[in-house]
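# A structural walkthrough
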Amino acid sequence: MNREAIINLIKDWRIALLLVLVIGALIGIYLAPPNPEKGLEGNLQFGLDLEGGSWLQMEFQSVVVSYSTDRSVEDLIENLHRGLEAEVIQIDADHIEIRKGVSRADIEPIFAASGAKIVTYHKGVSPYTADDVKRILSKKVNALGMQDAKINLLTPTGSEYPQYVRIELAGVDMATAQEIVGKQGMFEIRIQTTGNETEHVLFGDQITSVGLPQKDPQYQTWGVGFTFSDTGARAFREAAIEHGAVDNPAAHHLVMLLDNETVYSAPLSGELVAQMRSGPVRSLSATTGTGDAGLEDAMALEIHLRAGALPVKVEIVGSGSVPAALGEHFKTMVALAGLLALLTVGVVIYYRYREPSIVIPMLAINLAEIIILLGVARFIQQLDLASIAGLIAVIGTGIDQLVIITDEVLHEGRVPSSNLYMKRYGRAFGIIAVAAATVIIAMLPLALMDLSTLRGFAIITILGTMIGILVTRPAYGKVIMAILSK
Amino acid sequence: MEFVRYDINKYSPRQMVTLPLVLLLIAGMVLGYTTLTTGLPLQPGIDFAGGTAVTVFTSDSRETIEATFAAYPLLSVGEGIGSGKYIQFGPMDNAQYQSLSALINEKYPDAKVDQIGETFGKALQGQAFLAVLFSFIGMSIVVLIAFRNLIPAGAVVLAALADIVVTAAVMQIIGIPLSLGTTAALLMLIGYSVDSDILLTTRVLKRKGKLEDKLAGAFRTGIIMTTTTLSAIAAMWVVSTAGQIQIISEIASVLLIGLFVDLMNTWMLNAGILKGYVLRSGKK
């Protein structure tokens, strides 16, 4: 091929697009940002099984029930709360969350006794509670300076309530991972005495429940309700009276500390003081402020009040760990598998066509496809073992489809005119488009399902197929035409 | 390769479809029998039944490992090439798992450990079943839209179904359990299977020329396609099995079996039905 032909080829949009994407992918992997100490891996994101680390999958011990009732909802919630000894929270007009792993049969009699009916029953928690769990877990992990933690909520297909939370910690062994997840902070309430001095009132174990942030309809302020145990309520009253907070609230702030850091400090409200004069108060509310800032503070305070304990109990349903050395071994192995796959494919293709001018473009196009796929994956999908299996499968289908194009175009010898060529190419493209559509459809359920660890496999397969059909096949068609008509 | 010498034009449609249909029937019976006796069409692996899997590189023999873990529900000790071992345990309660975990940590600190609870395995099972069902329905719809003709489209769908059923039966017979990895491989098989079926159907129905030439041409292209795919998957299988990468090894094994099964189903079952269809509609 002469120089002019090559320039013409590059000017074709299909080839140009391919080249731009390959260069873009290489930049994405190696230059944006540069990551020389990682060597060949560049910015590629690897999964836990290649990087080393631990994962824990936990199931929320909680159910979400929608109901219908003619009587008051408060009664229903109160009955459930007492009957099950569980926290019960109203999520919206007709859904409640019961924070205990109860079966439908467990709660049916209580609903019947309260004149209510269960409409739907799902295991899991409300999206709000789920986010809460996620925030608490990320806080714990971040506090330990762990950068590479992933916390994902998993919702089974067919439900809208997250049922599991999966946490992945790179470079951490199983024992440490369990400790991090299970660790609680120390929560303390103190009261201001004189100046900056404070006096201990009670610890977090005296807080029996913590509510969700709520807006006061009268003052438009956000706040979080919480309740003390009887002992806690008495201790709180005695301290408030003894240190003068009841007589002069403004000078004796209530101070909350988590792990010895102040997380909240405010005077007692006039209303509360009035109540406390007559006796211990169990239900309190800590106000944070108005607007979005108030809401945010309230959400943070809710977590602090729980002292790092999750609002719902969780049970570990799956766990695993990979030592970094073994991950490194797997990495070498999969790289070897990929190279070997490409090589054997090359040999087979050469055996069939015995024509370097066909075999080399085929392999080059295949390689380009893998580079583009890795370039895209670098931004959206970490590569774990399963997704690498997907990558190798893509090499297989990719070559398949190039064979279809080549055979279709080569039908009855060399190509006579570009008209006929385009017709044949169109027909080949029709075949591979249908084949690609079926692969994508077949993999879609797996890609959308939260639960499976095979999302990566499906996503990589789908991505590879799409890149193939949109970019590399059209470019190959153009290249092979130029070669055949030389 | 023996199969390459198969002359697609030598046999009548009836002869072509007999073997695949008989195998499909036998496979159906194998899966049916397993379902009746165990409640599931295939022996579930740890992902679906719950349990613990340990991958470790150690010079300890299988007997030593069996003795070490005698107190736990040990299912199997698999050996790879070299010193790789894959140890599987059945489901156990939390206390027992904690003690096992400590023992593994003490004996083999460099092991990869994965544990799945029994109920969570059940949940995964349900989800995987949904995935296969949706995939299959989706694939059928795409094929039906592409060909807009019931018999050719039906033949493609039947061939894909036969691929999955026969492959699953072979898995059951040689003892590859159903896991997340093998489920994904079965789904991938839908994609691979349809590839060559569509090539065949398009060539035969949309191209002009003699039926014999079109079948022979499609077969030539199809064989080279499947061999290239097979070679890529075989490379993946060799390296992953030698390197003790269980999930990739499982996926590759199933794809290998599936691709061989697919050769039969495409070039005997699907081609047979298609040939019969073309011959019959030609006579009218």
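Model, not experiment: these values are computed from the prediction.

Conventions and cut-offs
Residues numbered from 1 in each chain as written. Chains lettered and ligands numbered in written order. Predicted model: local features only at pLDDT ≥ 70, side-chain atom pairs only at ≥ 80, totals over all residues. Helix = DSSP H or I, 4+ residues; strand = E, 2+ residues; numbered from the N terminus. Buried ≥ 20, exposed ≤ 12 C-beta atoms within 10 Å, placed from the backbone. Rg over C-alpha atoms; globule rule 2.2 N^0.38 Å. Contact = placed C-beta atoms within 7 Å. Pairing = 2+ DSSP bridges. Axes fitted to C-alpha atoms, helices over the stretch in contact; angles between N-to-C directions. Domains from an automatic or database assignment. Nonpolar A, V, L, I, M, F, W, Y, C, P; charged D, E, K, R; others polar. Core = buried A, V, L, I, M, F, W, Y, C linked by C-beta atoms within 7 Å. Parallel < 35°, antiparallel > 145°, perpendicular 65-115°, else oblique. Left-handed = near helix turned anticlockwise from the far one by under 90°. Expected span 1.5 Å × (residues − 1). Arc of directions from axis to C-beta. pLDDT = per-residue confidence, 0-100.

A few words now on the overall build of chain B. A count of helical and extended segments in chain B gives 9 helices and 4 strands. Starting at the N terminus and ending at the C terminus, chain B contains elements arranged as α-α-β-α-β-β-α-β-α-α-α-α-α. Oriented by its inertia axes, the alpha-carbon framework of chain B measures out at about 75 × 35 × 25 Å. When burial is assessed residue by residue, chain B has 52% of its 284 residues classed as buried.

This next bit is on the overall build of chain A. If you tally the helices and strands in chain A, you get 15 helices and 15 strands. Expected size for 486 residues packed as a compact globule is a radius of gyration near 23 Å; at 31 Å, chain A overshoots this value by more than 25%. When its C-alpha atoms are laid out on the principal axes, chain A stretches across 100 × 55 × 40 Å. Each of the 486 residues in chain A was classed as buried or not, and the buried ones make up 45%. Intrachain contacts of chain A at a sequence separation of at least 6 include 72% that bridge at least 24 residues.

The next subject is the sheet that holds strand S8 (residues 187–192) of chain A. Residue and element names in this part refer to chain A. Taking strand neighbours across the sheet as the criterion, the 4 strands line up as S9-S8-S12-S13 in an open arrangement whose pairing is antiparallel. Edge positions in the sheet fall to strand S9 (198–203) and strand S13 (261–266), since each has one partner strand and no second. Shown here is a sheet whose adjacent strand axes are inclined to one another by a mean of 30°, direction ignored. With respect to the sheet, helix H8 (residues 230–242) is in contact with S8 and S9, its orientation differing from that of S9 by roughly 170°. Here helix H10 (residues 291–305) sits on the sheet in contact with S8, strand S12 (254–258) and S13, set at roughly 120° to S13.

Let us look at the domain arrangement of chain B. Residues and elements named next belong to chain B. What the domain assignment reports for chain B is domain 1 (2–45 + 119–283) and domain 2 (51–116). Placing a centre on the C-alpha atoms of domain 1 and another on those of domain 2 gives a separation of 35 Å. In this complex, domain 1 contributes 6 residues to the contact, which on the side of domain 2 involves 7 residues. In terms of residue class, the side of domain 1 that touches domain 2 is made up of 2 nonpolar, 4 polar and no charged.

Turning our eyes to something else, we now look at the sheet that holds strand S15 (residues 314–322) of chain A. Strand order in this open sheet of 8 strands is S6(A)-S7(A)-S1(A)-S15(A)-S4(B)-S1(B)-S3(B)-S2(B), and the pairing throughout is antiparallel. Only two strands of the sheet have a single partner each, and these edge strands are strand S6 (149–154) of chain A together with strand S2 (74–79) of chain B. Neighbouring strand axes in the sheet, compared pairwise and without regard to direction, differ in orientation by 15° on average. Here strand S1 (residues 53–60) of chain A runs beside strand S7 (residues 164–170) of chain A; their pairing, made up of 7 bridges, is antiparallel.

So, on to the domain arrangement of chain A. Under the domain assignment, chain A is made up of domain 1 (3–49 + 325–484), domain 2 (58–126) and domain 3 (187–292). Using only C-alpha atoms to locate each centre, domain 2 of chain A and domain 3 of chain A end up separated by 30 Å.

A few words now on the pairing of S2 of chain B. Residues and elements named next belong to chain B. Relative to strand S3 (residues 84–89), S2 runs antiparallel, the two being bridged by 5 bridges. Across the sheet, residue Leu74 finds its bridge partner in S3, namely Phe89. Between S2 and S3, which follow one another and run antiparallel, lie 4 residues, and Gly82 among them has a positive phi close to 85°.

Further remarks concern the interface of chain B and chain A. On the chain A side, the residues contacting the 54 residues of chain B number 59 residues. When contributions to the side of chain B that touches chain A are tallied by element, the ones reaching two or more residues are strand S4 (112–116), helix H5 (118–147), helix H7 (180–206), helix H8 (211–242) and helix H9 (246–283) of chain B. A per-class count over the side of chain B that touches chain A returns 32 nonpolar, 17 polar and 5 charged. Pairing of S15 of chain A with S4 of chain B, which is carried by 4 bridges, proceeds in the antiparallel orientation. Its bridge partner lying in S4 of chain B, Ser321 of chain A is registered against Val113 of chain B.

Residue and element names in this part refer to chain A. Take Thr120: it is sitting in strand S5 (residues 116–123). For Thr120, a count of 12 C-beta atoms within 10 Å corresponds to the exposed category. Separated by 53 residues in sequence, Thr120 and Tyr67 place their C-alpha atoms 7.1 Å apart.

Residues Leu373, Leu385, Ala389 and Ile392 of chain A together with Leu187 and Met236 of chain B are the most contacted members of the largest nonpolar core, which totals 206 residues. Setting aside residues no more than four positions away along its own chain, Leu187 of chain B makes contact with Ala442, Met443 and Leu446 of chain A together with Ala131, Val132 and Ser135 of chain B. Counting 27 residues, the second-largest nonpolar core is a separate cluster that includes Ile191, Val210, Phe228 and Ala307 of chain A.

Bridge count between strand S3 (residues 88–92) of chain A and strand S4 (residues 95–98) of chain A: 4 bridges; the pairing is antiparallel. Paired with Gln90 of chain A across the bridge in S4 of chain A is Ile96 of chain A.

All names here are of chain B. The contact between helix H1 (residues 13–38) and helix H6 (residues 150–174) brings their axes to 8 Å, and the two run at 55°. Between H1 and H6, the angle falls in the class oblique. The handedness of the crossing between H1 and H6 is left-handed. Listed contacts from H6 to Pro20, Leu23, Leu24, Ala27, Gly28, Val30, Leu31 and Thr34 of H1 are Ala162, Val165, Val166, Ala168, Ala169, Gln172 and Ile173. Classifying every residue of the contact of H1 with H6 by side-chain character gives 12 nonpolar, 3 polar and no charged.

On to H8 of chain A. All names here are of chain A. For H8, built from 13 residues, the straight-helix expectation of 18 Å at 1.5 Å per residue is met to within 8% by its first-to-last C-alpha distance of 18 Å. Listed in full, the buried residues belonging to H8 are Gly232, Ala233, Phe236, Arg237, Ala239 and Ala240. Each buried residue of H8 sits inside an arc of 170° when the element is viewed along its axis, so together they form one side. Every exposed residue of H8 that faces more than 90 degrees away from the buried side is listed here: Asp230, Thr231 and Glu238. In this structure, the buried residues of H8 make contact with S8, S9, strand S10 (207–215), strand S11 (221–228) and helix H9 (270–278). Where H8 ends, the next residue or the one after it, Gly244, has phi of about 85°, a positive value.

To continue, consider the confidence of the model for chain A. Looking at chain A, pLDDT values average 85 and 97% of them are 70 or higher. Here helix H1 (residues 3–11) of chain A stands out as the element of chain A with the lowest mean pLDDT, 75, in contrast to S4 of chain A, whose mean of 92 is the highest.

Relative to the elements of secondary structure, Lys107 of chain B occurs in helix H4 (residues 94–107). For the pair Lys107 of chain B and Leu180 of chain B, spaced 73 residues apart in sequence, the C-alpha to C-alpha distance is 28 Å.

Trans is the common state for peptide bonds, and a negative phi is the common state for residues other than glycine. All names here are of chain B. The phi dihedral of Arg148 falls on the positive side, at around 45°, and the residue is not glycine. Residue position: Arg148 is located in the loop between H5 and H6. The exposure class assigned to Arg148 is exposed, which follows from the 8 C-beta atoms found within 10 Å. Located in the positive-phi region is Gln244, a residue other than glycine, with phi close to 60°. Tracing the backbone through its elements, the reader meets Gln244 in the loop between H8 and H9. The class of Gln244 is buried, set by 24 C-beta atoms lying within 10 Å.

A few words now on helix H4 (residues 73–84) of chain A. Given a rise of 1.5 Å per residue, 12 residues ought to cover 16 Å, and the 16 Å separating the end C-alpha atoms of H4 of chain A matches this to within 8%. Following H4 of chain A by one or two positions, Glu85 of chain A adopts a phi angle in the positive range, close to 50°.

Here the focus is the packing of H5 of chain B against H6 of chain B. All names here are of chain B. Interaxial distance between H5 and H6 falls to 9 Å at its minimum, and their mutual angle equals 155°. By the angle between their axes, H5 is roughly antiparallel relative to H6. Crossing handedness for the pair H5 and H6: right-handed. Facing Met139, Ser140, Val143, Leu144 and Phe147 of H5, the residues of H6 in contact are Pro152, Ala153, Val156, Val157 and Ala160. Residue composition of the contact of H5 with H6, by class: 9 nonpolar, 1 polar and no charged.

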